[in-house]
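Next come the chains, spelled out residue by residue.
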Amino acid sequence: MLKMNKYSLFFLVLLPLLVFGADEKKLALVRRIQGLEQLPPHLSRQLQTLTLQVVTKQPDYELLLSGTDSPNASVVELVAVESEVAKQGDYYRIEARLLNLKTKKLITRAARDDIREEDLIRLFQGALESLFVPDIEKEAAKEKPPVSPKEVSVPRQSPPPPSMQVKQPDLPTLDFKQRVRDLQIAADKAIVKTVEQKKEQADSKKNSPTVSLQASRHAGITSEMEVPFKKEPAPKIYPQRMVLMAGYDSRQVESDYYLITTTKAQLLTLQFAGDYPFSLMDGRIATSYELAYSRAVSAPVEVPSLYQLGLYASWLGTHWSTSLGLKRDASFFVNLPAPGEGIQSQSITTTWLNAKADLLFEMWGPWRINAMYGVPLQVETNYSPLVSAKQWQGTNIHLAITPPLNFKGWETNLSLDQINLTTQGERPFTLNESRIALSVRRSL
């Protein structure tokens, strides 16, 4: 009876994949992300997991896992996915590269500067996915002139350095585990040699304004791979930021004039907010805006559609920001228009002078807190007894919390508002309004 050890069985299982699947799929090896030590632990874990997820979703590639770093050259169709994250002041820069280890050439790369921490995951995923856009290698093949059969037969050249030399065994006697071990040993030697070459180049930079690429040519690596993270000049204007919010808004409005009334209503709210930075002070000065629209879904009286419109001057930071500006807020209340008449819904619009602050901190994940305090500058209403009222006083207090609950880029947001307005005339008028809103938000 024929006896088979575990290596023979492993070979028989993998041999059909190598023979019949080699023309359909390539092996993709993921290298460790450079610069992870600059990030919080939760971001590092997300980026590593995201890299594996993006590669495994590619239909033309199979993920190759290795106990060590990847080899710098290969005799099979093998590509390497490299990525790097670098911190530039209060912002980040990302770069992703796809390398062909058989030809030792750079296939494609994607890079972006001045990324806020809250957009890092989304843009990092986009950079990785852009590496696998279809037809990139096809277009490169079209530009490359065809090679005739005579050109394939080239004179015998000197063998490559021992650290990079990999022998290709005959397919009938292929030992896949031994081949992987040989690749790993060759990769370890190449990595040590590459580190020594980079150290020598770093020492030579102190005495020469130009960078010598002699070591990279000796190792057979292109200049793009030798300098994996080329610094590009940062733009003067930082990228814009926009946030979309949608949720459920519950309001309780109390008014005191001819009668003391309490009205409860539920509304659906859609809100946009964002920053438009300028080049002043390294891009920290910005114009911020808010735009919200609410429509009643449940109310005892007819409630008009309500809106909010805000414009602020802001000072931006990585973990905090402050703003000062104006905000118009439309609301409603219920009371008697005159003694002896029926109760009617009345509209009231207030222009507030608001000061607000945003804070981002880490505690089992990123938490975001927004606080605002405002005073009334102008009040407009269609309530006839108060049309001519001028001396308005009151406060507008807002508090919002965004916990580290994230699902496919959407975050949960809980906000509370307390509004108070009073005026003195023929009869004192008081308005107290409480709002509580639960919504989801994401960066655009």
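The numbering scheme is per chain: residues are counted from 1 as the chain's sequence reads. The model is predicted, so local features are restricted to residues of pLDDT at least 70 and side-chain atom pairs to those at 80 or more, both for listing and for counting; the totals for chains, interfaces and linings are taken over all residues. Calculation of side-chain values draws on the structure's entire complement of heavy atoms; hydrogens and water are dropped beforehand.

A. Molecular detail of the overall build of the protein. Strands here mean DSSP runs of E at least two residues long; helices mean DSSP runs of H or I at least four residues long; both are numbered from the N terminus. For the protein, the helix and strand inventory stands at 8 helices and 16 strands. The buried share among the 444 residues of the protein stands at 38%. A fraction of 62% describes how many contacts in the protein between residues 6 or more apart in sequence connect residues 24 or more apart. We get accessible surface area from the Shrake-Rupley algorithm with a probe of 1.4 Å; when it comes to residues, only the shown protein chains can shield them. Summed over all atoms, the accessible surface of the protein reaches about 26100 Å², with 58% contributed by carbon and sulfur. Only protein chains enter the accessibility calculation, which uses a 1.4 Å probe. A residue is then buried if its area is under 20% of the maximum for its type, exposed if over 50%, and partly exposed in between. Whether two residues are in contact is decided by their heavy atoms, any of which lying within 4.5 Å being enough.

B. Representation of the sheet that holds strand S2 (residues 61–64) in the model. Pairing between two strands requires that DSSP report at least two bridges joining them. An order of S2-S1-S3-S4-S5 is seen for the 5 strands of this open sheet, with the pairing classed as mixed. Where the open sheet ends on each side, the last strands, each with one partner, are S2 and strand S5 (105–115). Sheet twist, expressed as the mean angle between neighbouring strand axes with direction ignored, is 25 degrees. In this structure, strand S1 (residues 26–30) lies alongside S2, joined through 4 bridges in parallel fashion. By the bridge assignment for S2, Lys26 is matched with Tyr61. The strands touched by helix H2 (residues 41–56) are S1, S2 and strand S3 (78–88); relative to S1, the strand with the most contacts, the crossing angle is about 175 degrees. Here the axes come from fitting lines to C-alpha atoms, over the contacting stretch only for helices, and the angles between their N-to-C directions go from 0 to 180 degrees.

C. Representation of the packing of aromatic side chains. To pair, rings of Phe, Tyr and Trp, with the six-membered ring standing in for Trp, must have centres within 6.5 Å; the planes then decide the type, stacked if under 30 degrees apart, edge-to-face if over 60, and tilted in the middle. One pass over the structure, following the stated rule, counts 9 aromatic pairs. Judged by centre distance (5.2 Å) and plane angle (85 degrees), the ring pair of Phe333 and Tyr383 falls under edge-to-face. With Phe333 in strand S10 (residues 320–335) and Tyr383 in the loop between strand S12 (366–381) and strand S13 (392–402), this residue pair connects regions lying 50 residues apart in the sequence. Under the relative-accessibility criterion, Phe333 is labelled buried at 0%. Tyr383 sits in the buried class, given a relative accessible area of 0%. Taken together, the aromatic side chains of Tyr257, Tyr258, Phe333, Tyr383, Trp392 and Phe429 make up a single cluster linked through ring pairs.

D. Layout of the side chain of Gln346. Examined against the element boundaries, Gln346 turns out to sit in strand S11 (residues 344–362). Setting aside residues no more than four positions away along its own chain, Gln346 makes contact with Ser331, Phe332, Phe333, Asn335, Pro337, Asn382 and Tyr383.

E. Examining the pairing of strand S6 (residues 241–256) more closely. Across 16 bridges, the pairing between S6 and strand S7 (residues 260–277) is antiparallel. For Asp256, the partnering residue across the bridge sits in S7 and is Ile260. From the end of S6 to the start of S7, which pair antiparallel, there are 3 residues. Pairing of S6 with strand S16 (residues 429–443), which is carried by 14 bridges, proceeds in the antiparallel orientation. Counterpart to Leu244 in the pairing with S16 is Arg442.

F. Molecular detail of the environment of Tyr92. As for its placement among the helices and strands, Tyr92 is situated in strand S4 (residues 91–100). Spatially, the C-alpha atoms of Tyr92 and Ile115 are 4.9 Å apart, while their sequence positions differ by 23 residues. With residues near it in sequence (within four places) discarded, Tyr92 still touches Leu39, Val85, Ala86, Lys87, Arg112, Asp113, Asp114, Ile115, Glu117 and Leu120.

G. Spotlight on the nonpolar core. For our purposes a nonpolar core is just a set of buried Ala, Val, Leu, Ile, Met, Phe, Trp, Tyr and Cys residues, chained together by side-chain atoms within 4.5 Å. Grouped together as the largest cluster of nonpolar side chains are 26 residues, with contacts concentrated most on Leu39, Val85, Ile94, Leu120, Phe124 and Leu131. When contributions to this core are tallied by element, the ones reaching two or more residues are H2, S3, S4, S5 and helix H3 (120–130). Once you skip the residues sitting within four places of it in the chain, Leu39 turns out to touch Ser44, Leu47, Val85, Tyr92 and Leu120. Counting residues in hydrophobic clusters, the runner-up holds 20 residues, among them Val253, Leu267, Leu386 and Ala389.

H. Examining the side chain of Gln271 more closely. When you line up the elements, Gln271 lands in strand S7. Judged by its relative accessible area of 18%, Gln271 is buried. Not counting the four nearest positions on each side in its chain, Gln271 is found in contact with Val243, Leu244, Met245, Glu290, Leu291 and Ala292.

I. Expanded view of a nonpolar patch on the surface. Only residues above 30% relative accessible area that lack a salt bridge enter a patch, with like-charged residues linked at up to 9 Å and the nonpolar side chains Val, Leu, Ile, Met, Phe, Trp and Tyr linked at up to 5 Å. We define a salt bridge as a side-chain nitrogen of Lys or Arg found within 4 Å of a carboxyl oxygen belonging to Asp or Glu. Nonpolar side chains collect at one region of the surface, where Leu399, Ile401, Leu414, Leu416, Ile436 and Leu438 lie side by side and expose about 480 Å² of accessible area between them. Elements with a minimum of two residues in the nonpolar patch: S13, strand S15 (410–423) and S16. Along the chain, Ile401 falls in strand S13. Ile401 sits in the partly exposed class, given a relative accessible area of 30%.

Purely geometric stuff here, so don't read any function into it on its own.
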